[in-house]
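# Observations on the model geometry
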Amino acid sequence: MAVLQKIRQRSLLLILVIGFCLLAFIIGDIFNSGGFNSTSKDVGSIDGKDIAFEDFRVKVSNVEKSGQGITSTEAANRVWEQEVSVALLTSEFEKLGLRVGEKHLLEVLKSDQNIGGNPLFLNAAGVFDVAKFKEYFKANPAQAQFLKDREKDADLNAKYQIYNTLIKASVFTTESEGKMKYEMEANKVNFAYVAGLYSTIKDSEVKISDAEIVDFMKKNEKKYKADESREVEYVLIEDKASPSDEAEVKSKITALLSGSVVYNQATGKNDTVAGFRSTTNTIDFVNSNSDVPYDSTYIAKKDLPAVDADKLFNLAPGEVYGPYMFGKYYCISKSMGMKPGVNAKASHILIGYEGTQVPNQKEKRTKEQAKAKAESILAQVTANPDSFMMLAFTASDDSSAQQGGDLGYFGPNQMVKPFNDFVFSNGIGKIGLVETDFGFHVIKITDKQDGIRLATVAQKVEASEATSDKIFTQATKLEMDAADKDFNKVAKELGLTVAPAVSVKGMDENFGTLGNQRTIVRWAFEDGVKEGSVKRFEVANVGHVIAKLKSIDKSGLVAVSVARPYVEQILKNKKKAELIKAKMTGSSLEAIAKSVGGTVQQATGLTMENTMLPNVGPEPKVVGNAFALAANKMSAPIEGNTGVYVVKNTSTVKAPALKSHAPYVAKLKAQSASDANRVIPALKGNAKIEDNRQDFNY
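Here is a short report on the structure shown in this document. All chains use their own residue numbering, which begins from 1 and follows the written sequence. Under the rules for a predicted model, residues below a pLDDT of 70 receive no local features and side-chain atom pairs below 80 are neither given nor counted, while totals for whole chains, interfaces and linings still include all residues. Note: side-chain values were computed over all heavy atoms of the structure, leaving out hydrogens and water.

Turning our eyes to something else, we now look at the overall build of the protein. We count a stretch as a helix when DSSP gives it H or I for four or more residues in a row; a strand needs E for two or more, and each element gets its number in order from the N terminus. On a plain count of helices and strands, the protein comes out with 24 helices and 21 strands. In terms of C-alpha radius of gyration, the protein reaches 36 Å, well past the compact-globule figure of 26 Å for 698 residues. Projected onto its principal axes, the C-alpha coordinates of the protein cover approximately 110 × 80 × 75 Å. Contacts were defined at the residue level, with two residues in contact if any of their heavy atoms lie within 4.5 Å. Long-range contacts, defined here as pairs at least 24 residues apart, represent 68% of the contacts in the protein between residues at least 6 apart. Of the roughly 38,400 Å² of accessible surface on the protein, a fraction of 51% belongs to carbon and sulfur atoms. Distance between charge centres in the protein, computed from 89 positive and 86 negative side chains, equals 5 Å. Here the globule rule reads 2.2 Å times residues to the power 0.38, and the radius of gyration is calculated from C-alpha atoms. Residue burial considers only the protein chains on display, and all accessible areas are found by Shrake-Rupley using a 1.4 Å probe. Charge assignment in this entry is limited to Lys and Arg as positive and Asp and Glu as negative, and neither His nor the chain termini are counted. For the purpose of locating charges, the reference atoms are NZ of Lys, CZ of Arg, CG of Asp and CD of Glu.

So, in structure tokens, the structure goes:
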């Protein structure tokens, strides 16, 4: 049965093909949260084929249990993408009438190392034996269903292999395309031009409304297509300590420095309790009074709190410093002594050889060759230590070569043992050679850092109960008052700031800068929640979020607030272009230049592959128009990337004819090698997909 256990561990995926994975799921538990809000029993449909919620949630549950540490929403998104891909591809397989036989299925199954490489299924020569494979399952009828489930996945993968081969075979490049590629690279044009740059008109002179952005997106719907979205604005009231809370913690920790008198009920007398300065058992004192237990680690100066590093590092043994603030803690620290060389800094030149764990080996070499090369380098750097950096640049197989071999600072046992032992057993400046599983290292020790051991009493500064009650009251008041009043106005009256609206889609988890706040996103899509709805959420370790649903967008386009940074400049340039074109009057370039306050400029030797205008940037429309003009002919105004241009062709130089354009055909073939990867996105773009996942709880 051990073999089946191994197969099960990897049964989610039999073959990975071009980024497309077909997962096999077995029935498991339902979602942790369970239940759903919609009366529908389907999470969606693809081209009319429904996806039942019950089946979907079982698959999501299994992905959650896969040990990848993903959330239920991430699992739901992953399963949905798989369901869509499988449904669309299966439909294509059926249209084409694709079929696979037993031989093909076996090839797919044995490509999984846990099947194809399993000793139970291998013959004496170590080759996969079909007879032994079949005999195993024949002798273990209880596993027959397991094999059938795997065969379903293998069938899909085998069909995809055939389908993918057909797609690749259908992508080809003609001689005519090669000729066009050659001419685009080799034909050259020279022209004079006048530019009216968009930058000559201030952005403030052209305004773009939300309606104009929406209209632009509708005209380019495929590019700006998006799921239904919501815009939510919010106020964050952090549950943090008040100044009085901070003062109380500071006072409390300051009192620990000196001794105190405590009444002893057993003796009926007052006892003097030693303070942090005078205690004879510092470690017990820390563990009894600190929110953070005693740490015996020696700390380098660079790892101490920046503001207080100098004073802490220079403490004499037994000397106390504080109180001081470190993060959210008030601290007092006592020096427990120094230790030299707690951290080291070194550079190395790594010479790998075949069989070592070197990811970017520069040349193939044997162990003997590597050792000889390393010894040669050692001799060079020993004779001239200043040559180390340059030799690392040119000879090292490690990625640190780009930094001249510098590995930065590291502590004991952070490097492999031979490397670690050399560095921490020798002084600064020592150069030597060691061997590890990565190869031969020529090492130079460049620095060492001393460390200090500190006993630190740290007490966290947190909001007191009174402060938390005050924050809760404020958050509740905002939630209640904003229900029928202006959200921004109420927040301002309470001295609070409304954060910019966040655009979210139904299956999002992240909510602006607050990170994963799935509860807020789900609320925004609940039935009955409408524009203007307000709700308060308690966010662990953060505080209270009072959210208002600002808008509901069912247009199928990205939110205007999301699109504006990309679309606004395009539309502004179009408006600027009209203003510039209106100025471009005259029958010659000189006259047009005068009308826009510019000069006539020259462009020489440009091609359709190189459309870079000097000091401007790429302008393919401008260069394309120049090619289209006859000699000494002038164009109409052309809207380019950076301005409006009028060009006059001075000459076009045609490249000499070639008998064969094979090199250019090869270039185009290389560029189209990955075209097959575009199949699934193309199928999705043309499919009718209904997604109801946001109606269900995950």
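Moving on from the model shown.
On to the packing of aromatic side chains. Two aromatic rings from Phe, Tyr or Trp, using only the six-membered ring of Trp, form a pair when their centres are within 6.5 Å; if the ring planes differ by under 30 degrees the pair is stacked, by over 60 it is edge-to-face, and anything between is tilted. In this structure the tally under the stated criterion is 21 aromatic pairs. Ring centres of Phe121 and Phe128 lie 6.4 Å apart, and the angle between their planes is 75°; this geometry places the pair in the edge-to-face category. The same class applies to Phe121 as to Phe128, namely buried. A centroid spacing of 5.8 Å and a plane angle of 40° characterise the contact between Tyr353 and Phe440, whose relative ring orientation is tilted. Here Tyr353, found in the loop between strand S9 (329–351) and helix H14 (367–383), pairs with Phe440, found in strand S12 (residues 439–460); they are 87 residues apart in sequence, far enough to count as distant. Both residues of the pair, Tyr353 and Phe440, count as buried. For a Lys NZ or an Arg CZ to count as sitting over a ring, it must be within 6 Å of the ring centre and within 35 degrees of the ring normal. The ring centre of Phe276 lies 5.1 Å from the NZ or CZ of Lys334, which sits over that ring. Think of it in three bands: residues with accessible area under 20% of the maximum for their type are buried, residues over 50% are exposed, and the middle band is partly exposed, with areas taken using a 1.4 Å probe on protein chains only.

Side chains of Met389, Met390 and Phe393 sit close together on the surface and give an oily, nonpolar patch of about 320 Å² of accessible area. Structurally, Phe393 can be placed in helix H15 (residues 388–395). Note that patches include only residues with greater than 30% relative accessible area and no salt bridge, and the join distances are 9 Å for like charges and 5 Å for nonpolar side chains (Val, Leu, Ile, Met, Phe, Trp, Tyr). Here, a salt bridge means any Lys or Arg side-chain nitrogen found within 4 Å of an Asp or Glu carboxyl oxygen.

Using the criterion set out here, one finds 30 salt bridges in the structure. For Lys134, the salt bridge identified is with Glu102, shortest N-O distance 2.6 Å. A residue pair is termed long-range when its members are at least 10 positions apart, and Lys134 in helix H6 (residues 130–139) and Glu102 in helix H4 (residues 102–110) qualify at 32 residues. For Glu212, the salt bridge identified is with Lys575, shortest N-O distance 3.0 Å. Here Glu212, found in helix H9 (residues 210–219), pairs with Lys575, found in helix H20 (residues 560–583); they are 363 residues apart in sequence, far enough to count as distant. Judged by relative accessible area, which is 30%, Glu212 ranks as partly exposed. Classification of Lys575 as partly exposed rests on a relative accessible area of 31%.

Before going further, it helps to examine the sheet that holds strand S4 (residues 229–238). As a general point, the strands of a sheet are linked pairwise by backbone hydrogen bonds and lie either parallel or antiparallel. Think of it this way: DSSP has to see at least two bridges between two strands before they count as a pair. Strand order in this open sheet of four strands is S13-S4-S15-S14, and the pairing throughout is antiparallel. Looking at strand neighbours, the two that pair on one side only are strand S13 (499–505) and strand S14 (534–539), the edges of this open sheet. Strand after strand, the sheet turns through a mean of 35° between neighbouring axes, direction not considered. Pairing between S14 and strand S15 (residues 543–553): six bridges, direction antiparallel. Within S15, the residue paired with Phe537 across the bridge is Val545. The axes are straight lines fitted to the C-alpha atoms, using for helices just the contacting stretch, and the angles between their N-to-C directions are given from 0 to 180°. Of the strands in this sheet, S4, S14 and S15 are in contact with helix H17 (residues 465–481), which crosses S14 at around 155°.

Let's shift gears to unusual backbone geometry. Gly322 connects to Pro323 through a cis peptide bond whose omega is 5°. Structurally, the position occupied by Pro323 is in strand S8 (residues 320–326). Not every positive phi belongs to a glycine, and Asn413 is a case in point at roughly 70°. Tracing the sequence through the fold places Asn413 in the loop between strand S10 (406–410) and helix H16 (417–425). For Asn413, a relative accessible area of 66% puts it in the exposed group. Here the phi dihedral of Asn541 falls at roughly 65°; this positive angle occurs in a residue that is not glycine. Note that Asn541 resides in the loop between S14 and S15. The exposure class assigned to Asn541 is exposed, which follows from its relative accessible area of 82%.

Bear in mind that shape data such as this cannot, by itself, settle questions of function.
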